[in-house]
Amino acid sequence: MRTSTLLDEARRAVLGGGRDLSLEELRGLASLPVEDVPSLAALAHEVRLDRCGPEVEVEGILSAKTGGCPEDCHFCSQSSKFETPVRPTGYLDMDQVLAAARETKELGASEFCIVMALRGPDERTIDNVIEATKVIQDETGLNVAASLGILTRDQAERLAAGGVHRYNHNLETSRSFFPEIVSTHTWDERFETCSMVRETGMELCCGALLGMGESTDQRIELLGQLREVGPTEVPLNFLNPRPGTPLGDRSVMEPLDAIRWIALFRLALPEVILRYAGGREVTLGELQAMGMTAGINALIVGNYLTTLGRQPLQDIKMLADLKMPIGALSKVI
Ligand code: SF4
């Protein structure tokens, strides 16, 4: 089918009738020639403005416990299974967490996420995160999110009751590709934690990592699986090959290919908060602003756990240049 026909049909479906595109239609759009990627991006931007508005949500993340993780996710320099330059740290104390939250607030962010490199939390960690949540909310007014790995139902209920409003747990990749990337836990365990998060009333933040060697069909499969789990937010990561990890020798995705997939994520999931997460600088380079007009409507500023993101003020300037206001999307969705 011709490009213009595919794009017209997609526009009619998503904007005209409010119908979800089928996985087959998404597969068709995924194979458009590279010169048509800007048109695909323009459609995704229209969809984002129509469904989500012009605001961009800005979030700061803090790695409150780095490295030493017993899991073997092949992309991750925080795994204790690989020889990487990341040195494990202990848990940060409350003053350090609060100082990072205050800095985040000063940038105009509405969300602060506490991230720990863990298979899953113990009871003491849950207690500490609940205590930190209360202090951060009282002192800064920020929404607090957490990313602590696989949860039990009781832990998910306690976090929800303790004021954690959003929980991050990524599917990372499709169910069929996952065993090639992780052997210490299953995709189904991840899916189960994601489902539990929603059942306890927290918003689900469930991300993807592209560029690990998955096929186009497996990316489309992942889009279907993300629809099933129903996230409020999808952080989109691109592989930034880390030395010492099994994926350390892979090449990064082509910038226009990354733009294509940003657009496809927006078209597949029109109402989610689609957040630029790790790997965007190394993958997109000069095309970072183009991602903002291809469906992205949220940013993580500053530190990405083990690799430094660019300076937060550069991102804030990019938003100002694009005339995109910083807003708290979770309040309007
Ligand atoms: S991705 Fe998370 S669970 Fe996997 S090794 Fe890294 S810190 Fe551990």
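A short tour of the structure in this document, coming up. (Residues numbered from 1 in each chain as written. Predicted model: local features only at pLDDT ≥ 70, side-chain atom pairs only at ≥ 80, totals over all residues.)

As a further point, take the site of the ligand. Around the ligand, a shell composed of Cys69, Glu71, Cys73, Cys76, Gln78, Ser79, Ala117 and Gly149 is seen. Its residues placed into classes, the shell around the ligand shows 4 nonpolar, 3 polar and 1 charged. (Near = placed C-beta within 6 Å. Nonpolar A, V, L, I, M, F, W, Y, C, P; charged D, E, K, R; others polar.)

All right, on to helix H3 (residues 37–52) then. An ideal rise of 1.5 Å per residue puts 22 Å on 16 residues; H3 measures up with 22 Å between its terminal C-alpha atoms. Taken together, the buried positions of H3 are Val37, Leu40, Ala41, Leu43, Ala44, His45, Val47, Arg48 and Cys52. (Helix = DSSP H or I, 4+ residues; strand = E, 2+ residues; numbered from the N terminus. Expected span 1.5 Å × (residues − 1). Buried ≥ 20, exposed ≤ 12 C-beta atoms within 10 Å, placed from the backbone.)

Contact geometry for helix H1 (residues 3–16) and H3: axes closest at 11 Å, N-to-C directions at 5 degrees. Relative to H3, H1 is oriented roughly parallel. Each of Thr3, Leu7, Ala10, Arg11, Val14 and Leu15 in H1 lies in contact with H3, whose residues at this interface are Ser39, Leu40, Leu43, Glu46, Val47 and Asp50. Considering only residue class, the contact of H1 with H3 consists of 7 nonpolar, 2 polar and 3 charged. (Axes fitted to C-alpha atoms, helices over the stretch in contact; angles between N-to-C directions. Parallel < 35°, antiparallel > 145°, perpendicular 65-115°, else oblique. Contact = placed C-beta atoms within 7 Å.)

A few words now on helix H8 (residues 216–229). Across its 14 residues, H8 extends 20 Å between first and last C-alpha, which sits within 8% of the 20 Å expected from 1.5 Å per residue. Burial in H8 covers these residues: Arg219, Leu222, Leu223 and Leu226. The buried residues of H8 occupy one face: seen down the axis, they fall within an arc of 105 degrees. At its buried positions, H8 is contacted by helix H2 (23–30), strand E6 (208–210), strand E7 (233–238) and helix H9 (255–268). Count one or two residues on from H8 and you reach Gly230, which has phi positive near 65 degrees. (Arc of directions from axis to C-beta.)

A few words now on the pairing of strand E3 (residues 143–147). Buried residues dominate E3, accounting for 5 of its 5 residues. Residues Asn143, Ala145 and Ser147 of E3 are buried on one face, and the alternating residues Val144 and Ala146, pointing to the opposite face, are buried as well. Pairing geometry for strand E2 (residues 111–116) and E3, over 5 bridges, is parallel. When the sheet's bridge partners are listed, Phe112 is paired in E3 with Val144. A crossover connection joins E2 to the parallel E3 through helix H5 (residues 123–140); in handedness this β-α-β unit is right-handed. Summarising the sheet, E3 and strand E4 (residues 166–168) pair through 2 bridges and their orientation is parallel. (Pairing = 2+ DSSP bridges. Right-handed = clockwise from strand over helix to strand, strands pointing away.)

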